Structure formats: structure tokens, C-alpha cells
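# Reading the structure
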Amino acid sequence: MPADLFNAREWRVFSDTLPDLIRLLRADQRGHGILQLVSETWDYLGEVHDRYARGDPFVWYNLGFNPELVLALDGVGNICIESQAVMQNTLGDPALCHEFIDAAESAGVPADCCSADKAAIGAIMRGLYPEPACVVGINTPCDSQVLSTQAMAELSGKPFFIVDVPYYDDERTVSHVARQLGELLPFLERHTHRRLDWDRLREVCALSNQAIELIWEWLDWRRMVPLAQSSKLVAFTLAHQILFCGSPRGVRIAEALAREARERHQRGERFYEERLRAVWYQDPVWTDMQIYDWMERELGLSVPIDVFGFYAHEGLIDTSTPESMLSGLARKLCKCQPMSRQFRGNIETYIADFMHMHQAFKADCGIFAGHVACKHAWGGIGLFREACRRADIPLLVFEFDMFDARVTSREAVQTELRRFVEEVVWPAKQRKLRKEMR
Amino acid sequence: MIAAGIDIGSTACKAVVLVDGKIAGSAVGPSSTNPGKTAEEIFARALAQAGLEGGRADCVVGTGYGRARVEFADENISELTCHGRGASFVNGAVRTVLDIGGQDTKAIRIDDAGFLVDYAMNDKCAAGTGRFLDAMARTLDLDHQQMDRHSEQASRAAQITSMCSVFAESEVINLINDGVEIGQIVRGLYDAMAGRVAALARRVGLEKEIMLTGGVAKSRGVLSALASKIGIKTLAPPAGIDPQIIGALGAAVSAAELCSRAGE
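Residues numbered from 1 in each chain as written. Chains lettered and ligands numbered in written order. Predicted model: local features only at pLDDT ≥ 70, side-chain atom pairs only at ≥ 80, totals over all residues. Heavy atoms only, no water.

Check the secondary structure of chain A and you find 17 helices and 8 strands. Scaling as 2.2 N^0.38, a compact globule of 438 residues should have a C-alpha radius of gyration of about 22 Å, and chain A matches this with 21 Å. Expressed as a percentage of the 438 residues in chain A, the buried residues total 62%. Contacts in chain A between residues far apart in sequence, at least 24 positions, make up 77% of those at least 6 positions apart. Distance between charge centres in chain A, computed from 50 positive and 62 negative side chains, equals 5 Å. (Helix = DSSP H or I, 4+ residues; strand = E, 2+ residues; numbered from the N terminus. Rg over C-alpha atoms; globule rule 2.2 N^0.38 Å. Buried < 20%, exposed > 50% of the residue type's maximum accessible area, 1.4 Å probe, protein only. Contact = heavy atoms within 4.5 Å. Lys, Arg positive; Asp, Glu negative; His and termini not counted. Charge placed at Lys NZ, Arg CZ, Asp CG, Glu CD.)

Moving on, we get to the nonpolar core. Counting 186 residues, the largest nonpolar core has Leu181, Trp280, Phe384 and Leu417 of chain A as the members making the most contacts within it. Residue contributions to this core peak at 11 residues, all from helix H9 (residues 198–222) of chain A. A domain split of this core shows at least three residues from each of domain 1 (1–91 + 238–264) and domain 2 (93–236) of chain B. Excluding residues that lie within four positions of it along the chain, Leu181 of chain A makes contacts with Phe65, Leu69, Val163, Leu326, Leu329, Ala330 and Leu333 of chain A. (Core = buried A, V, L, I, M, F, W, Y, C linked by side-chain atoms within 4.5 Å. Domains from an automatic or database assignment.)

Our focus in this paragraph is the sheet that holds strand S7 (residues 105–110) of chain B. Sheet strands line up and pair through hydrogen bonds in the backbone, either parallel or antiparallel. All names here are of chain B. As summarised here, the arrangement of the 5 strands in space is S8-S7-S6-S9-S10, forming an open sheet in which the pairing is mixed. Because the sheet does not close on itself, it has two edges, and the strands there are strand S8 (116–122) and strand S10 (234–235). In this sheet, S10 lies alongside strand S9 (residues 210–213) in parallel orientation, the contact comprising 2 bridges. From the neighbouring strand, Met211 faces S10, where its bridge partner is Leu235. (Pairing = 2+ DSSP bridges.)

Here we come to empty space enclosed by the protein. Residue and element names in this part refer to chain A. Following the criterion strictly, the structure yields 5 cavities of 30 Å³ or more and no others. Considering only enclosed or pocket space, the largest cavity measures out at about 60 Å³ in volume. Residue lining of the largest cavity: Ser208, Asn209, Ile212, Tyr311, Glu314, Gly315, Leu316, Ile317, Gly328, Arg331, Lys332 and Cys336, and that is the complete set. Sorting the residues of the lining of the largest cavity by element identifies H9 and helix H13 (322–336) as the ones contributing at least two each. Sorting elements by how many residues they give to the lining of the largest cavity places H13 first, with 4 residues. (1 Å grid on protein atoms, 1.4 Å probe; cavity = no way out; pocket = protein on both sides within 12 Å on 5 of 7 lines; lining within 4 Å. Points joined across faces, edges and corners; volume = space filled by probe spheres on them.)

All names here are of chain A. Strand order in the open sheet formed by 4 strands is S6-S5-S7-S8, and the pairing between neighbours is parallel. Of all strands in the sheet, those with a lone pairing partner are strand S6 (301–306) and strand S8 (395–400), marking the two edges. Averaged over neighbouring strand pairs, the angle between their axes works out to 30° when direction is ignored. Relative to S8, strand S7 (residues 365–371) is paired through 6 bridges, and the arrangement is parallel. Directly across from Phe368, in S8, lies its bridge partner Val397. (Axes fitted to C-alpha atoms, helices over the stretch in contact; angles between N-to-C directions.)

Let's shift gears to a positive patch on the surface. Positive charge collects at one region of the surface, where Arg434, Lys435 and Arg438 of chain A together with Arg261 of chain B lie side by side. Structurally, Arg261 of chain B can be placed in helix H8 (residues 246–263). Under the relative-accessibility criterion, Arg261 of chain B is labelled partly exposed at 48%. (Patch = residues over 30% accessible without salt bridge, like charges linked within 9 Å, V, L, I, M, F, W, Y side chains within 5 Å. Areas by Shrake-Rupley, 256 points an atom, 1.4 Å probe, with all protein chains shown as cover. Salt bridge = Lys/Arg side-chain N within 4 Å of Asp/Glu carboxyl O.)

This paragraph deals with the confidence of the model for chain A. Residues with a pLDDT of 70 or more make up 99% of chain A, whose mean pLDDT is 94. Looking at the elements of chain A, mean pLDDT is at its lowest for helix H15 (residues 375–379) of chain A, recorded as 88, and at its highest for strand S1 (residues 58–61) of chain A, recorded as 98. (pLDDT = per-residue confidence, 0-100.)

This brings us to the interface of chain A and chain B. Counting from both sides, the interface comprises 10 residues of chain A and, opposite them, 17 residues of chain B. Seen at the junction of chain A and chain B, the total is 0 salt bridges. If you list the elements that add at least two residues to the side of chain A that touches chain B, you get helix H16 (381–390), S8 and helix H17 (410–437) of chain A. In terms of residue count, H17 of chain A provides more of the side of chain A that touches chain B than any other element does, 6 residues in total. Looking at the side of chain A that touches chain B residue by residue, the classes come out as 4 nonpolar, no polar and 6 charged. (Nonpolar A, V, L, I, M, F, W, Y, C, P; charged D, E, K, R; others polar.)

Bringing the packing of helix H14 (residues 348–360) of chain A against H16 of chain A into the picture now. All names here are of chain A. Taken N-terminus to C-terminus, the directions of H14 and H16 make an angle of 35°; their axes are 10 Å apart at the nearest point. Crossing geometry of H14 relative to H16 is assigned as right-handed. When H14 is examined against H16, the residues Tyr350, Ile351, Phe354 and Met355 are found in contact with a partner set consisting of Leu383, Phe384, Ala387 and Cys388. Among the residues forming the contact of H14 with H16, the class breakdown is 8 nonpolar, no polar and no charged. (Left-handed = near helix turned anticlockwise from the far one by under 90°.)

So, about helix H5 (residues 165–177) of chain B. Since one α-helical turn is 3.6 residues long, residues separated by three or four positions face the same way. All names here are of chain B. Under the 1.5 Å per step criterion, the end-to-end length of H5 is 18 Å for 13 residues, consistent within 8% with the ideal 18 Å. The complete set of buried residues in H5 reads Ser165, Ala168, Glu171, Val172 and Leu175. For H5, the arc enclosing every buried residue in end-on projection is 110°, short of the 170-degree limit, so these residues lie on one face. In H5, the exposed positions that point more than 90 degrees away from the buried face belong to Val166, Phe167 and Asn177. Looking at the buried side of H5, the elements it contacts are helix H3 (130–140) and helix H6 (182–204). Among the residues trailing H5, Gly179 stands out with phi positive, at a value near 85°. (Expected span 1.5 Å × (residues − 1). Arc of directions from axis to C-beta.)

Let's shift gears to the pairing of strand S3 (residues 22–30) of chain B. Residues and elements named next belong to chain B. One ladder, built from 8 bridges, connects strand S2 (residues 12–19) with S3; its direction is antiparallel. Along S3, the bridge assignment pairs Val19 with Lys22. In this antiparallel pair of consecutive strands, S2 and S3, the connection spans 2 residues, and Asp20 shows a positive phi of 50°.

Before going further, it helps to examine the side chain of His376 of chain A. Residues and elements named next belong to chain A. Here His376 lies in helix H15. Residue classification places His376 among the buried residues on the basis of a relative accessible area of 19%. Excluding its chain neighbours within four sequence positions, the residues that come into contact with His376 are Cys142, Asp143 and Phe343.

Let's shift gears to the packing of aromatic side chains. All names here are of chain A. Throughout the structure, instances matching the rule amount to 22 aromatic pairs over all chains. An angle of 70° between the planes, with centres 5.9 Å apart, marks the rings of Trp60 and Tyr129 as edge-to-face. Within this pair, whereas Trp60 is found in strand S1, its partner Tyr129 is found in the loop between helix H6 (115–125) and strand S3 (134–138), the two being separated by 69 residues in sequence. Each member of the pair, Trp60 as well as Tyr129, is classed as buried. Their ring planes at 85° and their centres at 4.9 Å tell us that Phe354 and Phe384 sit as a pair that is edge-to-face. Here Phe384 lies in helix H16 and Phe354 lies in helix H14, a separation of 30 residues in the sequence. Here Phe354 and Phe384 have matching classes, each one buried. (Phe/Tyr/Trp six-rings, centres within 6.5 Å; stacked < 30°, edge-to-face > 60°.)

Below you can see the structure in the form of C-alpha cells.
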């Protein structure tokens, strides 16, 4: 790891741009959500910096894990190994993410592996995260994560704990994961040299619950027609869960997102001229979040919900006892966490959630943005197509890479979206409206 | 009412003239480096065939990759929509259209009025397109009619394993060198192509009737290979209607609707 970690250009890109971006965002009095998200991310990066300077222990984990247990250990920093990839694409420089991917491939990671894993491995190889006291891997949200968790363990050379989530969706699965979380606690205590205080965990879980209730409120506002808030915000639920849930920061972000949506609706604002609504079912275009603005402006298409944004109503963490908290955290990991919920085991939940979102968010169509390396999603595409056909829901299927714009260009994605909207969805909606008027 | 559709594809330009809802003239010619001029020439030929030499249409719709270059068109509509409308015009029972053009292959599902419901496209690879057959015809030194005749005489198909046009060519040369009958090679090529198209077609859900359009639909061998791959009889447009003009026909049908709406 470089001694001057935060002088690395991958970190400097944030310190060079985020303060200005935050100032710009502050100019929009109504955009609390995006402002809070960016400000808190900047604040989180500052916290990582300060912890690093103080010599605090860090725990690394991969993107299927929630940070509550780490946050409950006083003075321990949480690092998700995919965070550089997401942040470079959304707030930094996407070309740096390409460098992570290329570095991982050069080191022997097969090119057809998921770019999330490749980017995570490349960022670790570049030494961009503070050295961890230990690392925690989890085999969610998808099997591919096994690659990055193994690399995380090998490259860090630190003690490694793996949470193995079964393919099933029953209570036995939740109990099995809860038992593993119970075993994880002494592991974390041993390697971070911090004692877990159950009352502190209770506070963290309460904050986590508070954030979730605000996320639910936020998503309820996003069901309204027309959508009064930017489409692109929804994808950040997963990022919020992975980095911030269980902290006051997580509550503040969720509160700001919900407040923005609520106030815009109460003022009767139209974010733009909405003609159509889509459930974006698969990975967001992290490489180019402006494409959502383009869809809204050029196609009149909004995305009120996507698979990364959907947080299922499967209950909150019961904070009454240590066991109930571990069980609640396990339930969250298996059954609520976006992606982990849909990408594990059989395809039924994946399809059922789409149908629910389509109805609840009053969508006109589905967009399967097929991340090229996602074997889970592509493995079920035939059944998913069939289900949409039976339900008479227009579905666009296209290939791209969520972290690597070199696979499918922005223009190619735009062509796919435009063709689908202008050839299928909008004409069908017009015919339906004409029929209803007669 | 005179309505016309012009389809500027990657290899051919097609025009159809409808007079009072009936096909009165059509023309097909090779695409050129000046698509606007080619469109004018082909349109003039279609008008002449309709007995309207030097005349003009009330409404014109352009389609195909070069549709933006049809400067005299009142509107541009994509070829996906036009192939659906055209196929439905010639056979109202059609629900799935497989268009094998020079540059891409499209599987199109339409409703009972011919409107687009779903589609899948292969526009990134030459395998399964007219270009693939053209390249193979050159390798075999045959024209497409000769290829058809050879395939009909073959007792079985040679195995062409490659899904890539470039590698398939090497494979064909190897088969020739191994002394495999030309007819068997051609049947193997048709099977390989049909396999590719059938996979695309299944993505949109095969619903009867299925119609093959585009220049490749003129090949009896491809039609038969496709029917065998998808297990459903695949129709060509009725006798007397060139499958290559279906896109232009759909454009003409859309032009006729445009005229009607303008008149309302």
C-alpha cells in the first residue's frame, strides 16, 4: 500500500471535484436527495481519511454484506471493496475504473468475469484501500463474488471470514446465516481489538431500521405518476445499504431522498414531461448516469424503480435481543438486500419482484439492461422473457457492461432505448389511449 | 390515393407504390454510395411499373438504414415497424416475421393489426445475414439460384460448425478440399444460418404464422432449413410478391395511413 494513500490520483479525483460539485448541488434548493448523497459520501471519504491517519482498524467486505456489525464496533472503519468502482464512475473518473479492470485482467483474471469483481480486484491491487485488520466475504449478491472475495483475502493476506448464504429462501436459511453472523462477531473482535457492545449494536440496528423506513417512504413517493424526482437516484439504494446503513449518515441520506420526493409531489412539480415509465431491471449504467437524464429529456421515459433500488418489505431488524438482531441482520442479507434477494437460488423471486414493481410503480415496460458477465440474470432470461410475454409487458433486452463503457458505447445504449421506446412502447401506449378515449 | 414506400437497405434499395391500397408497382436495385439518388431512381422505376411514369405519390415513407437520406419522404419509419406492417398486409394471419437482410437479421412479433409487439435483432455479426450467404456464394463460386439447386440435390448436410462468417469460409474451403459434395456444403451452410436465425426467433416467442422476408427469403433452401430448425412451417410472401420488398411495402402501407390521417 502506498504510504501516501490519499495522494493517489484515484483519491485526489474526489478531493479535486467533490467540494465544487457539492457547491453546485447546493444551488438547487429542491435537490436535497442528491446533495445529501454526495455530501455524505464526501464526508465518509473524509472519515476514512481520518481513521487512516489515526491508525483505526478497518474491515473490508464485498458488496453483498451490510456494515451494521462493523459499525457497531467502536472506532472501526468499513470499506466495501467495490466502492472505488462505483464512486469513480459516478463521482470521479470512469477511465480510472477501466484501469482497475485492465489491471485485474493483466494479472490473470479472465476477461469474461464481472467487471465489478475485476474493478474491485484492480483497486485492491492499486493499494487504494487502507490496510484491513481482517476481511469478510459473502457469496451474495451473486456467485461471481466468490472471485473478488478470494482475491480480497489473498491480496490483503489478512484473516478471512466467509459468510456462506445458501441458495434457499426459507427460515432455515435465515437461521443458518444468523449463526454465521454470531460466529463472525468474535472474529471481528479478535482482529480489530474492539469489543462489541450489544447496546451499541442495538443503536446501529435502530438507525438501520430508521433508514429503511425512510427508504420505503421514498419508494412510495416514487410510485406516484408522474415521477417528481430524477430517475437516476433510485439505483443508489444498494450503495446506501452497503456503505451507510446503520449510521446516522445513512438516516440523513434516506431522509433527504424521501423529503425531496415528498416535497416535490406536494408542490405538484413535474421533473420533466413524463410519457412512459419503466422498471429498469438489472444493473444501472454506472458508467454514465447522465443517460437517465437523456432518457427523461429525449424519450419522456422515467425509471421510478430498478432492481438495485428496490428494498423489499420483509420486515425490520428486531432489536429486542442479541439473537433477534442477528436474525434480523441475516434476514436483511438474504431476503431484503437488493440483488442478493433476487439473484440467489431460483428465478421465481426475480420474476415475481419485477411483476410487483411493474404494477406498484405503474410502469409501461421493462428494461433488462443485461450486464454482460451477469450469469444469474442471463441464465434466467428465457423464463423472464416468457413471463413478460404472458403478462403482456414490453421488455427490452440489451447487453452492456455496468462498469466498462468500452463494451457498449453510450450511443449504442441510446439507440437500443430509443428504438424500443419509439417502435414498441410509445406506439402501443398511444393505441391504448386512443382506444380508451373512444 | 397513391402511397409509396422506399426502403434503403445496406445492399439493396426497394420501392413500392400502392394505388388505392393495392400494390401497383415495385422495384429493387442495388444500394450505392449515393442513397438519395438511388432512392429517386428506384422510386421512379416503381412509379413507371405502376403506370405513373413521371408522376408523384401523395405520401411517401422512407425506411431502412438509409431512410434519413430519402429527402422526398414525408416521414421516416424504422424497418422493424415496416416489415411487420408489410407482412401483415400480405397475410393478416402472420404474427412472427423473420427478416434476413443484407446487414442484419430481425425477429419481429406483431399483433393482429400488424403493429410491433416485440423484436430481437442481430446487427453486430454477419453470421445469419445475407452477407454471410453472399460471402459463401463467392467462396463456392456460385450464384444463389445455383446454391439452391445444389442443396436440393444433396442427400444430407455437411456439418458447418462455425458460427462466424470468417471462420465458416475457412471451414467451407476445408470441406471442398476434403472432397465433400458442393450440395452438402450448401445445405450445411443453410442449416448453420437457420440455426442462428431460429435462436434469434425464439427470443421473441414464435407465434404462427411465421413469415420470412428480405432477400434471403427467396432461397427455398433457407426456408426449408429454417422450418426444420424451428419445427413450424415458415411462409414466404405469396407468389408474385418479392420477399425483398416487404419492408418497402410496410412503408407504403404507413404512407397510405399518413395520407388518410392528413385527409381527416
